Amino acid sequence: MPQAPEAPLQAAAQEARAWPFEEARRLIKRLEKLEGGADKAVIFETGYGPSGLPHIGTFGEVARTTMVRHAFEVLTEGKRKTRLVCFSDDMDGLRKVPDNVPNRDMLAAHIGKPLSSVPDPFSNEYPSFAAHNNARLRRFLDRFGFEYEFLSATECYKAGKFDATLLKMLEVYDHVMDIILPTLGPERRATYSPFLPVSPKSGKVLQVPMVERNPKQGTITYLDPDTGAKVETPVTGGRVKCQWKADWAMRWTALGVDYEMAGKDLIDSVTLSSRICRALGAVPPESFIYELFLDQDGAKISKSKGNGLTVDEWLTYASPESLSLFMFQKPKAAKKLFFDVIPKTVDEYLAFLAKYPQEEAKAKLDNPIWHIHAGTPPQAELPISFALLLNLVSVSNAEDKATLWGFIRKYAPDATPEQHPVLDHLVGYALAYYHAFVRPAKTYRLPTEHERKALQALADALGKVKPDASGEDLQNLVYEVGKTHAFEPLRAWFSALYEVLLGQAQGPRFGGFIELYGVENTRRLIDRAIKGELAGEAKRHGVDRKKPPGRISYS
């Protein structure tokens, strides 16, 4: 359990407006009204379908739920026991063979069987397809240090953990059918039952109608789809599983779930499962509906289309903390999730981190950093931004960390990788991001005659600056050159600097860039641009300088 915050923070928490605190207050009100709510362990749940591998949505749901859990623990001063259950629906039948797995022909022979009964297509290391993917899920969650309990649907069903609730489901069978049937089409309605028997002969999860029910005996009867014979089976002991919406409600009831998030695409499922939960005599959990991620063109991200980012891709170019920030910000707003958002999110994380130590208690609790780091953010002195690092890599053609650190020490002589580990990580991320995305998108152009004269004037002025000129002094000098040469509007001057010198549409605060890159290095860069060497190199490398600068932006 996270440590209790200091007294000022504890007092401020009661009025904190950050969305995890708002969610935690809703949960507290639920418990106040719930019979036995004062004494029960508070259960947070996230669900996972093990027919696929963990993905960025999995991370987002667990990270956000963890933030709400921590806010709840702070508001209740750590006096309530809480649990975060990560539940794997591994008793679902395999409906189709995934495109991204080996041994697809082998898997095809097991269509319809529970995922926990399908052989592992990847290796002989695990007893089933579900066991392999469940292990991947747990390693994935452990990688980020999440505190959770893992539960398997197969184990819960077979161990009897759900038996009492399944018998209750059998008692209220007609009520459940009244809830679900109006939402189905005629064909689906003809075969629907909240119970899916597991065939003792084929091992498949059967989609068959019930012909008899015996609540006193705790059994259902169905027709074997192969022979037409009647088969009576108990609903307990893992001999059946429930259909999706009934299963969700049954799980909420059996486990006593108090809080669960879901994507916007599951709103109808949440509504129907909540009604079934009430039919079972339970109170559905507090729900939080979050928006879905979009790709750079505004289309919904699809795992099958591969039009979004994976966790591994994000972590190649930025820190886990920056990904947590992306998940924290505006969870109820649709957000584009593609590579261009990474630099901006990294610098936002660093800005929030830098502000945190000086903030008042209330502001600290509204700062995403407090939620990302469970109330104990690291101390980090970062002399430069990630955006500036990217531009430094760009113009210096740095291939390794040592080269970049040489420039950084000119800007901040006391900075070292050992004393600034966060910055050292950023250096590595900047190199990786530059080579993957920035360099391929660079489009240098030749300066116009007007721009050439201004650039030469800037180079001459830089030759006269004092050795200790600050970034602010250099920024003012750049402004004055632009004004003297009558750029209207003045931002056209900065656009010219970025397009001619950096080969991109936008860029950093230019005075800070000069301070970091060095005055003489900047003068040489200007000289090469005026001579056409930068645009000439781009052309030799196959970049058409007539095209507009690339879309990648770091400012």
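Residues numbered from 1 in each chain as written. Predicted model: local features only at pLDDT ≥ 70, side-chain atom pairs only at ≥ 80, totals over all residues. Heavy atoms only, no water.

A. Focus on the packing of aromatic side chains. Inspection of the entire model under this criterion finds 28 aromatic pairs. Ring plane angle 35° and centroid distance 6.2 Å describe the contact between Phe-87 and Phe-162, whose orientation is recorded as tilted. Highlighted residues: Phe-87 in strand β2 (residues 82-88) and Phe-162 in the loop between α6 (153-158) and α7 (163-171), separated in sequence by 75 residues. In this structure, Phe-87 and Phe-162 share a single accessibility class: buried. Through a chain of ring-to-ring contacts, three or more aromatic side chains come together here, namely Phe-407, Tyr-498, Phe-510, Phe-513 and Tyr-517. Over the ring of Tyr-290 we find Arg-64, and its NZ or CZ is 5.4 Å from the ring centre. Sitting above the plane of the Tyr-356 ring, Lys-364 keeps its charged end 5.0 Å from the centroid. (Phe/Tyr/Trp six-rings, centres within 6.5 Å; stacked < 30°, edge-to-face > 60°. Helix = DSSP H or I, 4+ residues; strand = E, 2+ residues; numbered from the N terminus. Buried < 20%, exposed > 50% of the residue type's maximum accessible area, 1.4 Å probe, protein only. Lys NZ or Arg CZ within 6 Å of the ring centre and 35° of its normal.)

B. Broad picture of the packing of helix α20 (residues 449-462) against helix α24 (residues 519-530). Direction vectors running N to C along α20 and α24 enclose 155°, while the axes themselves pass 9 Å from each other. Classified by the interaxial angle, the pair formed by α20 and α24 is roughly antiparallel. When the axes of α20 and α24 are compared, the crossing they make is left-handed. Of the residues in α24, those in contact with Arg-452, Leu-455, Gln-456, Leu-458, Ala-459 and Leu-462 of α20 are Val-519, Thr-522, Arg-523, Ile-526 and Ile-530. Grouping the constituent residues of the contact of α20 with α24 by class yields 7 nonpolar, 2 polar and 2 charged. (Axes fitted to C-alpha atoms, helices over the stretch in contact; angles between N-to-C directions. Parallel < 35°, antiparallel > 145°, perpendicular 65-115°, else oblique. Left-handed = near helix turned anticlockwise from the far one by under 90°. Contact = heavy atoms within 4.5 Å. Nonpolar A, V, L, I, M, F, W, Y, C, P; charged D, E, K, R; others polar.)

C. Molecular detail of the packing of helix α13 (residues 320-328) against helix α14 (residues 341-355). The geometry of α13 relative to α14 is characterised by a closest axis approach of 9 Å and an angle of 95° between their N-to-C directions. With respect to each other, α13 and α14 are oriented roughly perpendicular. Residue-level inspection shows Glu-321, Ser-322, Leu-325 and Phe-326 of α13 in contact with α14, the latter providing Val-341, Thr-345, Val-346, Glu-348, Tyr-349 and Phe-352. Within the contact of α13 with α14, the residues separate by chemical class into 6 nonpolar, 2 polar and 2 charged.

D. Molecular detail of the side chain of Thr-443. Its place among the elements puts Thr-443 in the loop between α19 (421-441) and α20. A distance of 3.4 Å separates a polar side-chain atom of Thr-443 from the backbone oxygen of Ala-441. (Polar contact = N/O pair within 3.5 Å; in protein donor to acceptor, adjacent residues only side chain to side chain.)

E. Quick look at the sheet that holds strand β6 (residues 219-223). The 3 strands lie next to each other as β5-β6-β7, forming an open sheet whose pairing is antiparallel. A strand with exactly one partner marks an edge of an open sheet, and here the two such strands are β5 (210-214) and β7 (230-234). Sheet twist, expressed as the average angle between the axes of neighbouring strands with direction ignored, equals 20°. Of the pairings in the sheet, the one linking β6 to β7 comprises 5 bridges and is antiparallel in character. Bridge pairing in β7 links Tyr-222 to Val-231. (Pairing = 2+ DSSP bridges.)

F. Structural view of the sheet that holds strand β3 (residues 149-152). Ordered by their spatial adjacency, 5 strands build an open sheet running β3-β2-β1-β9-β10, and the pairing between neighbours is parallel. A single partner strand is all that each edge strand has here, and the edge strands are β3 and β10 (286-290). Across the sheet, the mean angle from the axis of one strand to that of its neighbour is 25°, orientation sign disregarded. As judged from the 5 bridges shared by strand β9 (residues 257-263) and β10, these two strands associate in the parallel manner. Bridge pairing in β10 links Ala-262 to Ile-289. Against the sheet, helix α3 (residues 56-75) touches β1 (42-48), β2, β9 and β10, its axis set at about 175° to β1.

G. Structural detail: the side chain of Asp-90. With respect to the helices, strands and loops of the structure, Asp-90 is situated in the loop between β2 and α4 (104-108). Lys-241 is the oppositely charged side chain nearest to the buried, salt-bridge-free Asp-90, at an N-O distance of 8.9 Å. Among the polar contacts listed, one links the side chain of Asp-90 to the backbone nitrogen of Thr-154, at a separation of 2.8 Å. Beyond its immediate stretch of four places on either side in the chain, Asp-90 contacts Pro-50, Pro-114, Leu-115, Ser-116, Ala-130, Asn-134, Ser-152, Ala-153 and Thr-154. (Lys, Arg positive; Asp, Glu negative; His and termini not counted. Salt bridge = Lys/Arg side-chain N within 4 Å of Asp/Glu carboxyl O.)

H. Spotlight on helix α21 (residues 471-484). Taking 1.5 Å per residue as the helical rise, α21 with its 14 residues ought to reach 20 Å, and the 20 Å between its terminal C-alpha atoms agrees with that figure. Among all positions of α21, only Gly-471, Leu-474, Gln-475, Leu-477, Val-478, Val-481 and Gly-482 are buried. Down the axis of α21, the buried side of the element spans an arc of 160°, and every buried residue falls inside it. Exposed positions of α21 whose direction lies more than 90 degrees from the buried face are Lys-483 and Thr-484. In this fold, the buried residues of α21 make contact with α20, α22 (491-502), α23 (510-517) and α24. Among the residues trailing α21, Ala-486 stands out with phi positive, at a value near 55°. (Expected span 1.5 Å × (residues − 1). Arc of directions from axis to C-beta.)

I. Main features of unusual backbone geometry. Going from Glu-488 to Pro-489, the amide bond is cis rather than trans, its omega being 0°. Tracing the sequence through the fold places Pro-489 in the loop between α21 and α22. Of note, the phi angle at Lys-330 is positive, near 45°, even though the residue is not glycine. Considering the arrangement of structural elements, one finds Lys-330 in the loop between α13 and β12 (335-336). Lys-330 gets classed as exposed once you look at its relative accessible area, which sits at 64%.

J. Representation of the layout of surface pockets. In this structure, the second largest pocket spans a volume of roughly 510 Å³. Mapped by element, the contributors of at least two residues to the lining of the second largest pocket are α3, α13 and α16 (368-372). With 7 residues, α3 is the largest single contributor of residues to the lining of the second largest pocket. Its residues placed into classes, the lining of the second largest pocket shows 9 nonpolar, 6 polar and 4 charged. (1 Å grid on protein atoms, 1.4 Å probe; cavity = no way out; pocket = protein on both sides within 12 Å on 5 of 7 lines; lining within 4 Å. Points joined across faces, edges and corners; volume = space filled by probe spheres on them.)

Read these as spatial facts, not as claims about activity.
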